[in-house]
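# Structural features, examined
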Amino acid sequence: MIDKQDHRKINKIMRLYHKQKEAPGMIFWHHNGWIIFNELKKFVSMQLNKWNYQEVNTPIMLSKSLWNVSGHLENFFESIFFTHSDNKKYCIKPMNCPAHIQIFNKYLKSYRDLPVRIAEFGICHRNETSGALYGLMRLKSFTQDDAHIFCTQNQIQQEIVNCINMIIESYLVFGFKKIHIKFSTRPEKRIGTDEIWDKAELSLKYALSDSNLDFEYQHGEGAFYGPKIEFILEDYLNRLWQCGTIQLDFYLPDRFGSYYIDDNNNRKIPIMIHRAILGSIERFIGILLEQYSGLMPVWLSPIQVMLININDNHSQYVIDLAAKLCKLNIRVRYNIKNEKINLKIRKYIVEKIPYILICGDQEIRNNQISVRDRNNETTIMSIKDFIKKIQYEIDFRVL
C-alpha cells in the first residue's frame, strides 16, 4: 500500500507526470510537472549566475573512444547504454564530465583565465535494472545540475569552500535544516597513485574544516577518479536523501590532454572539481513532493491561484481578474462553470493549489476578493493587497 505522502500518490492528484512500459525508467512530464521542473532550473541558474558559472549544453551521445579515455568504459561499463551510426560506436552519456572537458580544451587558457566553471542541466542515461527503478527517485534517464570547475592547485581550497557554501545556501531555500555531510574516500577499484589520492583527500578534508562542518567518513565510497563530499538531506520523516556532491579529480584533465599556460609560460594540467547541487532534478522533485506533502511553496506550485465564481453574475469579474494576474506572471486558472461553490473549493483543496479566490456580490461591490489559503482560512482582501502578498511570496521564495 502506498503511503498518502508518497510522491507517486501525490502525482496522481496533481497530474505531474507519468511512466509507461514503452520507456521504462523514463518520465513523460505533463504541463504541471514541467512547471515545477523549470522553476527549479531557474533557481539553479540564478545560483550559477551568482557564483560565476558558464552555462552550456552538450550532446547526449559521444564517441565510445572518449569514454575509453576517461576510464568510464572500464569502471562504469554495466551502467552505459551503447548505440552506433556509420559503423562507429557511441555511448549515451551517463554523466557530463568528458563533454565539459571538450569545451575547456577548445580554446587556449592562461592561468589568468582560471578558475573556469562550466555548468549544464545535462540529460544522462544509466542502465539501471528494472528492480532498482522507483518513481522519480531512481530512473534510467534523468537531468543532472552538473558542473565542473577547472582550477590551479592554489585555487582548490577556495573553490571547494565556495561549492560547499553554494550547496548549503541552496538547501536552506527549500527549508532543509538537517544536512548531513559524508566524506567518501578512495574505493578499491580506482585509477591513479596513492600519493595523488592522499593529496586529493587532504584537500577535501581541509575545505570541510575551513567551513566548520562536521562530517562522517564513508571509507571506500569515492568515485574511481577521486574522493567526494556527499550532502544528505533529512526530511520530515527523518529519512535521508543523498543529493549534492563535490568530487576532486586530478586525473581526467590529464587523460584528455587539458592544460593551461602558467605565469612562467609553461603548460600545466588543471585540477577538476565535479559538483552537483540538487543532483537529479527528477529525484529532487520527488523529495520535495514528499517533504511538503504536495503543498509546494507558491513559487514552485504549478497553479498558484484558482479563481472561482459563486454564480454567473460574477463570471466577467473572474475573467478580468485572471487576465490581470496573468499579466503579472502569476500562474492563474479559473472555473466559472455552473457548479456548487463547495464542490469547487473542495476540488482545488485536494489539488493542493495555494490560493483559491472566491468572487461574489460583496467582492465585486468593494473591488475585493475572498482568499482561501491552504490553512483553510478565508480572508477578505483588496486585489492590490493580495497581489502584493503573492508577489512577495514568489519573489522571495517564501516557504
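Up top is the structure these notes are about.
Everything quoted here is computed from the prediction, not taken from an experiment. (Residues numbered from 1 in each chain as written. Predicted model: local features only at pLDDT ≥ 70, side-chain atom pairs only at ≥ 80, totals over all residues. Heavy atoms only, no water.)

### Examining empty space enclosed by the protein
With the rule as written, the count across this model stands at one cavity of 30 Å³ or more. Taken together, Ile13, Met14, Arg15, Asn32, Met296, Ser301, Pro302, Ile303, Glu351, Lys352, Ile353 and Pro354 make up the lining of the largest cavity. Here the lining of the largest cavity is composed, by residue class, of seven nonpolar, two polar and three charged. (1 Å grid on protein atoms, 1.4 Å probe; cavity = no way out; pocket = protein on both sides within 12 Å on 5 of 7 lines; lining within 4 Å. Points joined across faces, edges and corners; volume = space filled by probe spheres on them. Nonpolar A, V, L, I, M, F, W, Y, C, P; charged D, E, K, R; others polar.)

### Things to note about the sheet that holds strand β11 (residues 228-234)
Strand order in the open sheet made by the eight strands is β3-β7-β8-β15-β12-β11-β9-β10, with mixed pairing throughout. For this open sheet the edge positions go to β3 (54-55) and β10 (216-218), each flanked by a neighbour on one side alone. Helix α6 (residues 156-173) rests against β7 (116-125), β8 (141-151), β9 (179-184), β11, β12 (240-249) and β15 (271-280) of the sheet, and its axis sits at about 5° to β15. On the sheet, helix α7 (residues 194-210) packs against β9, β10, β11 and β12 and is oriented at approximately 160° with respect to β9. (Pairing = 2+ DSSP bridges. Helix = DSSP H or I, 4+ residues; strand = E, 2+ residues; numbered from the N terminus. Contact = heavy atoms within 4.5 Å. Axes fitted to C-alpha atoms, helices over the stretch in contact; angles between N-to-C directions.)

### Description of the sheet that holds strand β5 (residues 81-85)
Paired through backbone hydrogen bonds, the strands of a sheet run either parallel or antiparallel to each other. Across the sheet, which stays open at both edges, the three strands sit in the order β4-β6-β5 with antiparallel pairing between neighbours. If you trace the sheet from one side to the other, it starts and ends with β4 (61-63) and β5, each paired once. Strand-to-strand twist across the sheet, computed as the mean angle between neighbouring axes with direction ignored, equals 40°. Summarising the sheet, β5 and strand β6 (residues 88-92) pair through five bridges and their orientation is antiparallel. If you follow phenylalanine 81 over to β6, its bridge partner there is isoleucine 92.

### A few points about the pairing of β7
β7 sits mainly inside the fold: nine of its 10 residues count as buried. Pairing between β3 and β7: two bridges, direction parallel. Across the sheet, residue glutamine 54 finds its bridge partner in β7, namely isoleucine 118. By the bridge criterion, 10 bridges tie β7 to β8 in an arrangement that is antiparallel. Residue pairing across strands places alanine 119 opposite alanine 147, the latter belonging to β8. (Buried < 20%, exposed > 50% of the residue type's maximum accessible area, 1.4 Å probe, protein only.)

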